[in-house]
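# Summary of structural features
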Amino acid sequence: MQVETILQSKGRAVTTVGPGATIAEAVQLLNAKRIGAVVVTDNGKVVGILSERDVVRHLGTDWTALAQRPVRDVMTRNVISSGRDATVADVMERMTEHRIRHLPIVENGELVGIVSIGDVVKRKIEETEFEATALKEYIAS
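Summarised in this report is the structure supplied together with it.

About the cut-offs
- Residues numbered from 1 in each chain as written.
- Predicted model: local features only at pLDDT ≥ 70, side-chain atom pairs only at ≥ 80, totals over all residues.
- Heavy atoms only, no water.
- Helix = DSSP H or I, 4+ residues; strand = E, 2+ residues; numbered from the N terminus.
- Buried < 20%, exposed > 50% of the residue type's maximum accessible area, 1.4 Å probe, protein only.
- Pairing = 2+ DSSP bridges.
- Right-handed = clockwise from strand over helix to strand, strands pointing away.

## Structural notes on the environment of D73
Within the secondary structure, D73 sits in the loop between helix 4 (63–68) and helix 5 (88–98). Since its relative accessible area comes to 40%, D73 is described here as partly exposed. The sequence separation of D73 and H58 amounts to 15 residues, and the corresponding C-alpha distance is 9.6 Å.

Written as structure tokens, this is what we have:
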């Protein structure tokens, strides 16, 4: 099964922010959308990703100071991404290897979607249940 299948079922909408947005604005967006990461784009190109982990790592003791900093100061710049043709197994491996929970999907330099670890696990469970049902039907026939 490929990432394209996940994108077809969940949609291709990706919440993004610009690198000059404040951390407070980004956190408000994370809360409002109930998501764990936003992709940082500049002129349509992916330049970073800001996750809850990034914010917590920089929190320290002064939330007020952090809240006013621009996203570019806190975001992860080395964005790990994948294409639509990647398999669910490939995506799981990449997420595990890099210890990430959100993977932007990029094609020809353009952001076309995002998958989370929850999306991947859900799809893997569905795949396993389908295989189990098929095996039971095969054995019963």
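## Observations concerning the sheet that holds strand 3 (residues 45–51)
Strand order in the open sheet made by the three strands is 1-2-3, with mixed pairing throughout. Single-partner strands in this sheet number two, and they are strand 1 (16–17) and strand 3.

## Looking at the pairing of strand 2 (residues 37–42)
Buried residues dominate strand 2, accounting for five of its six residues. In this structure, strand 1 lies alongside strand 2, joined through two bridges in parallel fashion. When the bridges of strand 2 are listed, T16 appears paired with V39. A crossover links strand 1 with its parallel partner strand 2, the connecting element being helix 2 (residues 23–33), and its sense is right-handed. Alignment of strand 2 against strand 3, held across six bridges, turns out to be antiparallel. Bridging from a neighbouring strand, V38 pairs with L50 of strand 3. Taking the residues between adjacent antiparallel strands as the criterion, strand 2 and strand 3 are bridged by two residues, where N43 takes a positive phi near 55 degrees.

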